[in-house]
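This is what each chain is made of:
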Amino acid sequence: MSPNLPDAVLWSIPAFVLLTVLEMVSCRLHPEEGAAGYEVKDSATSIGMGLGSIVFDLLWKIPALALFTAVHELTPARVPVVWWTIPLMLLAQDFLYYWSHRGHHVVRVLWACHVVHHSSRKFNLTTALRQPWTSLTVWPFFLPMVACGVPPAAVFFCYSANLVYQFWVHTERIGKLPRPVEYVFNTPSHHRVHHASQGGYLDRNFGGILILWDRIFGSFTAEAERPVYGLTKNIDTYNPLRVATHEYAAIARDLRRARSWRERAGRVLRGPGWQPAPPPPPAGPAASRERVA
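Residue numbering note: each chain is counted from 1, following its sequence as written. Two thresholds apply to this predicted model, a pLDDT of at least 70 for residue-level local features and 80 or more for giving and counting side-chain atom pairs, whereas whole-chain, interface and lining totals are computed over all residues. In computing side-chain values, all of the structure's heavy atoms are included and hydrogens and water are not.

Participant: With reference to specific residues and values, describe the overall build of the chain.
Facilitator: A run of H or I in DSSP becomes a helix once it reaches four residues, and a run of E becomes a strand once it reaches two; helices and strands are each numbered from the N terminus. A count of helices and strands for the chain gives 12 helices and 0 strands. For the chain, the α and β elements follow one another from N to C terminus as α-α-α-α-α-α-α-α-α-α-α-α. Seen along its three principal axes, the alpha-carbon backbone of the chain occupies a region of about 80 × 55 × 40 Å. Accessible area is worked out with a 1.4 Å probe on protein chains only. A residue is then buried under 20% of its type maximum, exposed over 50%, and partly exposed in between. Residue burial in the chain is summarised as follows: out of 293 residues, 42% are buried. Here, residues are in contact when the closest pair of their heavy atoms is within 4.5 Å. Across the chain, contacts joining residues at least 24 apart in sequence account for 73% of those joining residues at least 6 apart. Just so you have it, the chain exposes about 15,800 Å², and 68% of that area is on carbon and sulfur atoms. Here the chain carries 28 positive and 20 negative side-chain charges, and the mean point of each set is 8 Å from the other. Areas reported here follow the Shrake-Rupley algorithm with a probe of radius 1.4 Å; residue values treat only the protein chains shown as occluding. Charged residues are defined here as Lys and Arg on the positive side and Asp and Glu on the negative side; His and the ends of the chain fall outside this count. A single reference atom marks each charge: NZ on Lys, CZ on Arg, CG on Asp, CD on Glu.

Written as structure tokens, this is what we have:
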């Protein structure tokens, strides 16, 4: 029988609202020079994306639950949901979240889902709510937990708990924390780097709860210069539908223009900035003269 575990995100909504209001008041009363702060249209878009993601996630969880249940029925392993296994499940989920998050930055069709979360040029607690509407690509990364006997309901619980933790790291109001905390955990300082668009900060600090994964697998960068938030090519829209789909539309345009199947595969499976090699210059009299010379 599946354990009856809560959706940590839904239970945390009152806390999200309270903390966001407190941050807004703090930014108004004590503005920090150079900070991104709040902007009404941007925050409204982020909140709208968050509300939409709750609805769409319920839809995407249907096929994910069906797949998880099938795999769980096939595996002979069973992990009980008791007080001492839950921390281990959270640790395993956080490890797999790191690879899911990293994969959604380096494979373009996955980036098309995740780019939504990076599309704001602000960095505040409403940015945490700017979630994608196409999160079906996330769930396959957590199949190893189910194959090891973790009940699907426990996987969903761990995922929601991980998202709740990450809410508070989307702020400029908290500086660097004590060194042991910064060394082990994902913090606002580390996550500001992750949301920055400067070259040295791109594709760094993928950890959800623990930053140790980044230190182990070579993707960690400490915060130094003030981050510039947003995308390398910003989309300049507050339309939630365009925010949710703009990269899928860009992929479709690139596929229509592609000259070969190799290029089509690259447009989908390579990194977001990948470009095919330029075609060789056509042979002609000038080229022949150069070879003779």
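Participant: Could you give an account of the side chain of His 114, with specific residues and numbers?
Facilitator: If you trace the backbone, His 114 turns up in helix α4 (residues 108–114). On the basis of relative accessibility, which here comes to 11%, the residue His 114 falls in the buried class. When residues no more than four places from it in sequence are discounted, the contact partners of His 114 are His 101, His 104, His 105 and His 194.

Participant: Describe helix α3 (residues 85–106), with residues and values.
Facilitator: Multiplying 1.5 Å by the residue count of a helix minus one yields the expected span of that helix. Across its 22 residues, α3 extends 32 Å between first and last C-alpha, which sits within 8% of the 32 Å expected from 1.5 Å per residue. For α3, the set of buried residues is Thr 85, Met 89, Gln 93, Asp 94, Leu 96, Tyr 97, Tyr 98, Ser 100, His 101, Gly 103, His 104 and His 105.

Participant: Residues and numbers for the packing of aromatic side chains, please.
Facilitator: Ring pairs are drawn from Phe, Tyr and Trp, using the six-membered ring of Trp, whenever the two centres fall within 6.5 Å, and their geometry is named by plane angle: stacked under 30 degrees, edge-to-face over 60, tilted for the rest. Under the counting rule described, the total for this entry stands at 16 aromatic pairs. Aromatic pair Tyr 98 and Phe 206: ring centres 6.1 Å apart, planes at 75 degrees, arrangement edge-to-face. One end of the pair, Tyr 98, is in helix α3; the other, Phe 206, is in the loop between α8 (188–195) and α9 (212–217), and 108 residues separate them in sequence. Summarising the burial analysis for this pair, Tyr 98 and Phe 206 share the class buried. Taking the centre distance of 4.9 Å and the plane angle of 15 degrees together, the rings of Phe 123 and Tyr 229 count as stacked. With a gap of 106 residues between them, Phe 123 in the loop between α4 and α5 (143–147) and Tyr 229 in the loop between α9 and α10 (240–257) connect regions that are remote in the sequence. Each member of the pair, Phe 123 together with Tyr 229, is buried. Taken together, the ring pairs connect Phe 95, Tyr 98, Trp 99, Phe 206, Trp 213 and Phe 217 into an aromatic cluster. Either the NZ atom of lysine or the CZ atom of arginine qualifies as a charge over a ring when it sits within 6 Å of the ring centre and within 35 degrees of the ring normal. Cation over ring: Arg 215 sits above Phe 220, and NZ or CZ is 4.0 Å from the ring centre. Above the ring of Trp 261, the side-chain terminus of Arg 264 is found at 4.6 Å from the ring centroid.

Participant: Kindly report on the packing of α3 against helix α6 (residues 152–167), identifying the contributing residues and their values.
Facilitator: To describe two helices that pack against each other, one gives the angle between their axes and the distance between the axes. Each axis is a line fitted through C-alpha atoms, taken for helices only over the stretch in contact, and angles between the N-to-C directions span 0 to 180 degrees. It is at 9 Å that the axes of α3 and α6 come closest, and there the two elements cross at 70 degrees. With respect to each other, α3 and α6 are oriented roughly perpendicular. In this structure, α3 uses Ile 86, Met 89, Leu 90, Gln 93, Asp 94 and Tyr 97 to contact α6, whose residues at the interface are Ala 154, Phe 157, Cys 158, Tyr 159, Ala 161, Asn 162 and Gln 166. Residues are grouped as follows: nonpolar covers Ala, Val, Leu, Ile, Met, Phe, Trp, Tyr, Cys and Pro; charged covers Asp, Glu, Lys and Arg; every other residue, Gly included, is treated as polar. Per-class residue counts for the contact of α3 with α6 are 9 nonpolar, 3 polar and 1 charged. Convention used here: angles under 35 degrees read as roughly parallel, angles over 145 as roughly antiparallel, angles from 65 to 115 as roughly perpendicular, and any remaining angle as oblique.

Nothing here speaks to function; it is geometry throughout.
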